[in-house]
Structures are given as structure tokens and as C-alpha cells.
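Structural features, examined
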Amino acid sequence: MSEHSQFSLLSKRRFLPYFLTQALGAFNDNLYKNALLLMIAFGGVVSHEDSALLTNLAAGIFILPFFLFSPIAGQIADKMEKSQLIRWVKGLEVLIMLLAAVSILAGNVWGLMALLFLMGLQSAIFGPVKFALLPQHLSQDELVGGNALVEMGTFIAILAGTICAGVLFDFDDSRYWIASGVVLFAVFGLFSSRFIPQAAANDPALSINWNPFTELANTIKQARENRAVFLSIVAISWFWFIGASYLTQFPNFSKEYLGGSTQLVTVLLTLFSLGVAAGSLVCEKLSGHKVELGIVPIGSVGMSVFGLDLWFAIDQIQVVEGMTAMAFIENSANWRLMVDIALLSAFGGLFVVPLQALIQQRSDDKNRAQIIAANNVLNALFMVVSAGVGILLLAVLEMSIGDYFLVLAILNLMVAAYVYAQVPEFVLRFFIWMLSHTLYRVSHKGLDNIPEHGPAVLVCNHVSYVDALLIAGTYQRPIRFVMDKTIAQMPGLKTFFKLAKTIPICSPKADAELYETAFKRIKSELDDGELVCIFPEGKLTQDGEVDEFKKGIERIIAETPVPVIPMALDGLWGSFFSHKDGHALTTKPKRFWSKVSLTAGAAVEPQQVSADDLRQRVLSLKNTEVK
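So, here's what we can say about the structure. Everything numeric in this text was worked out from a predicted model, so none of it was measured. (Residues numbered from 1 in each chain as written. Predicted model: local features only at pLDDT ≥ 70, side-chain atom pairs only at ≥ 80, totals over all residues. Heavy atoms only, no water.)

Here the focus is the overall build of the protein. Within the protein, the regular secondary structure consists of 22 helices and seven strands. The C-alpha atoms of the protein give 28 Å as radius of gyration, which agrees with the globular expectation for 627 residues (25 Å, within 12%). In terms of principal-axis extent, the alpha carbons of the protein reach across some 85 × 60 × 40 Å. Look at the contacts in the protein between residues 6 or more apart in sequence, and 81% of them connect residues 24 or more apart. About 26400 Å² of surface is accessible on the protein, with carbon and sulfur atoms providing 62% of the total. (Helix = DSSP H or I, 4+ residues; strand = E, 2+ residues; numbered from the N terminus. Rg over C-alpha atoms; globule rule 2.2 N^0.38 Å. Contact = heavy atoms within 4.5 Å. Areas by Shrake-Rupley, 256 points an atom, 1.4 Å probe, with all protein chains shown as cover.)

In this section: the pairing of strand β7 (residues 594–600). With respect to burial, β7 is a largely interior element, six of its seven residues being buried. Here strand β1 (residues 440–445) pairs with β7 via six bridges, running parallel. Its bridge partner lying in β7, Y440 is registered against S594. When strand β6 (residues 564–570) meets β7, the two strands line up antiparallel, connected through four bridges. (Buried < 20%, exposed > 50% of the residue type's maximum accessible area, 1.4 Å probe, protein only. Pairing = 2+ DSSP bridges.)

In this structure the tally under the stated criterion is 14 salt bridges. Residue E142 pairs with R14 through a salt bridge whose shortest N-O separation is 2.8 Å. Taken together, the positions of E142 in the loop between α5 (134–137) and α6 (143–169) and R14 in the segment before α1 (16–42) put the pair 128 residues apart, joining distant regions of the chain. What makes R14 partly exposed here is its relative accessible area of 27%. Look at the salt bridges and you will find they share partners, linking R480, E525 and E530 into a network. (Salt bridge = Lys/Arg side-chain N within 4 Å of Asp/Glu carboxyl O.)

Glancing now at the state of the cysteines. A complete count under the given rule lists zero disulfides for this structure. In this structure C506 is not part of a disulfide, and its nearest cysteine sulfur, from C533, lies 18 Å away. Its relative accessible area of 10% is what places C506 among the buried residues. (Disulfide = S-S within 2.5 Å.)

Spatial ordering of the open sheet is given by β1-β7-β6-β2-β5-β3-β4, a layout of seven strands whose pairing is mixed. Each of the sheet's edge strands pairs with one partner strand only, and the pair in question is β1 and β4 (503–505). Averaged over all neighbouring strand pairs, the angle between strand axes comes to 20°, with direction disregarded. Bridge count between strand β2 (residues 456–460) and strand β5 (residues 531–534): four bridges; the pairing is parallel. Residue pairing across strands places V457 opposite V532, the latter belonging to β5. In the packing of helix α22 (residues 611–622) onto the sheet, contacts are made with β2, β6 and β7, and the angle to β6 comes to roughly 40°. (Axes fitted to C-alpha atoms, helices over the stretch in contact; angles between N-to-C directions.)

Here we take up the nonpolar core. One broad trend across soluble globular proteins is that nonpolar side chains are buried collectively. Core analysis: the biggest nonpolar cluster contains 99 residues, and F15, Y246, L337 and F405 have the highest contact counts within it. Broken down by element, this core gets its largest block of residues, 16 residues, from helix α9 (residues 227–257). The contacts of Y246, once residues within four sequence positions are left out, are F272, G307, L310, L344, F405 and L408. (Core = buried A, V, L, I, M, F, W, Y, C linked by side-chain atoms within 4.5 Å.)

We now examine the packing of α9 against helix α13 (residues 335–362). It is at 9 Å that the axes of α9 and α13 come closest, and there the two elements cross at 155°. Considering their axes alone, α9 and α13 lie roughly antiparallel with respect to each other. Considering how the two elements wind past one another, α9 and α13 form a crossing that is left-handed. For the pair formed by α9 and α13, the contact residues are A228, V229, S232, I233, A235, I236, F239, Y246, F250 and F253 on the first element and L337, I341, L344, G348, G349, F351, V352, L355, Q356, L358, I359 and R362 on the second. (Parallel < 35°, antiparallel > 145°, perpendicular 65-115°, else oblique. Left-handed = near helix turned anticlockwise from the far one by under 90°.)

Here we come to helix α16 (residues 425–436). For α16, spanning twelve residues, the distance from its first C-alpha to its last is 16 Å, which sits close to the expected 16 Å at 1.5 Å a residue. Listing the buried residues of α16 in full gives E425, F426, L428, R429, I432, W433, L435 and S436. (Expected span 1.5 Å × (residues − 1).)

Tracing the chain through its elements places F171 in the loop between α6 and α7 (174–193). When the C-alpha positions of F171 and V532 are compared, they lie 65 Å apart, and in sequence the two are 361 residues distant.

Most of β2 sits out of view: five of its five residues are buried. Taking every second residue as pointing to the same face, both faces of β2 are buried, with A456, L458 and C460 on one and V457 and V459 on the other. The sheet contact formed by β2 and β6 spans four bridges and is parallel. The residue of β6 that forms the bridge with C460 is M567.

Let us now look at unusual backbone geometry. Within the chain, D173 stands out as a residue other than glycine whose phi angle is a positive 55°. One non-glycine residue with positive phi stands out, namely E398, at about 55°. When you line up the elements, E398 lands in the loop between α14 (368–396) and α15 (401–422).

The following block contains the structure:
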């Protein structure tokens, strides 16, 4: 996959039917929901007083099943074979839409409201299996690209369904068009689901707890067991808070600031949806086909930067009462506003896609769908809270919509700072990503020799002060680095190494206690199933060659027998962080960027490990050309 675009997945049977199924589901949800809202508001089927009540009630009715049934749906998705479950869910959608068609033709609004609840139930069941299936059908280097396509497809489908509802509502005999449409697209979704390949049950022996309230508590408890996963869920839920806050205000924003044309609501919705889709697609390129948390901070900062600029741009817009969409777009005074909305949402896509992939990647296989169910519950909760916050600030405190957008941008920075403070891995990966995309261009080979799960020791030659950062940037699993105390505690790099949980070490003559503590920490990390990387030379090379390997690696493997993966770095000798022509960091840089290669060899079994043999393996790898 690394040699191809993420769009190549759309030619694969293991992805395309699934992609079409979920996109058609999102389209139909929004076609039905928005057609119902238009019938309530403009169809003359209810009084003006009932219209206001039902419009607000509809939003709550659709989202309520996510609270009640997502935890149960997560268990079902973990227990069952997933392709069959999806077909059953899509069959349920066809049945609901057939009943909906009858209610639409009869003008039975209360029947449509009841069916809206069932549509929410169907979506709540589909949610966990929708994302839990991806890691089973996609490889690790396809996961980000697959999630990006799903995010893109979802937002474009939401946009298309919303617009289609408006278009059909304006037709003569609109009820017949809408009734036919919701049934037809449900059937299309069922048809595409029949081609989804099987995905085995994660835990066939799982005993389902049918109590939605106790299972909700259990689901949240499971999600909290992995701090990085849980805070990623919180961050994703915040994205939905932000998204719902902006989208909810677009109609009133258009009315109060843009001249009141309903066409402009569609323009804003289109800009936001296409922005998220574009940002999602960029993720794969920026992440290098792996789950790269380093781009998440870029996404959150971009959301706030363009959210703040949106506040300034409002003062520059030029509108005329009833202005058409095309007239608004053609006026250059409005371009800044449009760019801000598009880029704000694009950075939102950049923010959310790696987090979705991380949840899928790091959740336990047996309860992955239940973790995703917890994500769905919190997403729904944050969207409800966003409505409450909007009512408080806009209706109670009478804040202007423009100032409300400013508050959202500031709140976004505060929430992001909290998440990054709680999970420093985000910040660490950001600096690693910046380093590997500015000063260095890192190519790699053989990283599939490193196990995706379980303990192992990586051994590598030591060329520069940034070796650890570059190695960490090429591989998706967290790595615990063992390095000389003087390097680990260097000003400017000390913070990074601390965030990476580096294990400082020195010679036993210099500090016997620190030396023994290092070996205890190494054993503890390996016992916990982590990857540990050591530089057996014990110091940076003085001449660019690979020095003698110390015997510490033999002691480590004797105490904790695990596989050892030899690795070789090349291209760093002569960089500002190496000892070429003088001590590192003290000489004038001869170049400001370098092409660096990292090559990993085949794993060495514990019983075959020796320091001398590993050095020879690293030397051999160092001479291997990386394509």
C-alpha cells in the first residue's frame, strides 16, 4: 500500500462494498432526517407551535438510541461475524424505510418521528461494527488511508443527503419522490453489503449484558483502561462538539450576517463538509501510511487559528439582502470567510482521522467494537452538550454568533492543551514528525521484521543525538530507548527523551546504582510487552564507523529472553548532531537537511544472541541500500 494512493482501496473488494454501504447509510440517514424536518417546518402538516417543538424533538429522538443501545451494539459486534451483522442491519434499514414511505405518503408526522428513533437505533447498531471491521480487512499501513476515505465518504454523504432532501422537497409530488428515495437508497445499501467479505467474530464466547445502563458503565470502564485510547475518544468527541456547534449555527449565521438567503446555508455546509473530506484525505500523505499522532496537534492548532481568523473575517463580509449563492461566492470580500470555514474543517479532518485509526489499532482485539461503542456514546454526549452550550451562550447570555465562534476557537486550544498534557505522546510524535519532515528525509526497509505485538529488543548503531527520535518516527509502536545519561539529559533534548520514557544508563564505574536501575527498568518494560531499543556502542561514533558492541545486550537477553532485531542508521554522519569535525552541536552546520536510511534485519532468537554477532549484522545492514 505504501507504493499506492489510498484511493487504490476503492478497487478492492475488501474495502469498496463496505465503503459504499456506510456512505449510503449516512446519505439515507440525512435524506430522511432532513426531509422530515422540511415537512415539519414547511409542509403544513403541523401547526407553527408544534413545528418548533417537533424540530427540536427530532434531534433528540435520533441521538437517544446512541446512548441506550451503543454499548449493547458493541457487544453484538464483538460476538458476531461482522459482514453478516452488517447485512442484518441494512435489512432492518430497508424495513424501516418501507414503513417510513407509508408514513410520508400519509403525512403521518408522529409515525415518522417514531421511525426516526428506529433509524437512530439502526445507526447505533451499525456504528461499532463499522469501525471494528476495518483493522480486520486492512493492513497496518492501510489503516489511516481507509479511515480517511471513510471520513471523507461520510461527510460528503451527509452533505449530499441534506442537499438531496431540499431538492426533492421542492419537486411536485415531493412526498412520492422522498418516499421512493429513502426506500431505494436503503435497498442500494443492502445490495452493496452483500459483497462485504467475512470478518471473524472478535469474541464468539462473549456473554451479552442486555441492560443498557449497566453495560454503558462497563463500556466506559473498558475504554478508560487504556489512557491513550480513552483520551483519543475524548478528543474525537470534542471534534464532534466543535463540528455540531458550527453546523447548528450556520442557518442563524446566514440569517443574521449573510442576508438571510437559504442558499448560503448550503454554501457554508458544503465548504465545511468538503473541508473535512479534504483534510481527511491529506492525512495519509502526511502520516506516511502509518498511524501518525504527530499530525494531530497540527490539526488542533489549525482549527483554532482559522477559527480565530473567522471571527476577524466576519467584519469584512459584504452581503445584500437575499443574495444568491453565486453572488456571495463571486464577491472577493467574502473569500476570507469561506477559506476560514474550509480550512477550519480541513484541519478538523487532519485532527480526527489519526485518532480514529489509533483507537482501532490499540484497542484489544476481543473488545474493539465495545471500545468503539464507548466512542459513539461520548460523541453523542458531546453533541448534546454542544447544543446546551449554544443555548446558554447565545440565548441566555445573548452572545453574538460571531463571538460564539471566537469562544469555540479558544476552547479548542484549551481542550487540546489538556489532552496533550495528559498524553505527552502526542507532543513527542509532533516534534519527531517535524524533525523527520524538515531536517531529515528518512527512508526505511525491513521494519516488518519488528513485531507488531509483544516484547523485543532493537539494537542500532549510534551516530547522532537524534538517532532515537528518528527511529521512533519511523515505527508506530512506542519504543523505550536506553541511552547514555549525558545524552538523555542534554538541554533542549531532555524533555523529548523524558516524554519518550527513555531509560538513562552509564558505566557501572560512574554510577553503579543508575547502571543497575537501568537494567531493572529494561526488564520491567520487556515483561510488560514493550519494545526496547539500545545502542550497544554506548556512545556516539567518533569516526562514522560502528564501534565495538558492549556486552550489556547479552545480560539483557539472559535475564529476559526475547527476540533481538538488528538495525542500521545511515546518512547522519556529518549532520549537525553528529561528532564529525568536532563535538556535535558545536560546529557550523555543513548542511541543513539529510537523507537518512534505517534498515532492520531479521530477528535473532535469544539463544543465538551475542554482542559480536549483532555488530556484524548491523555492519551488514549498514551497507544495504534502501530503495
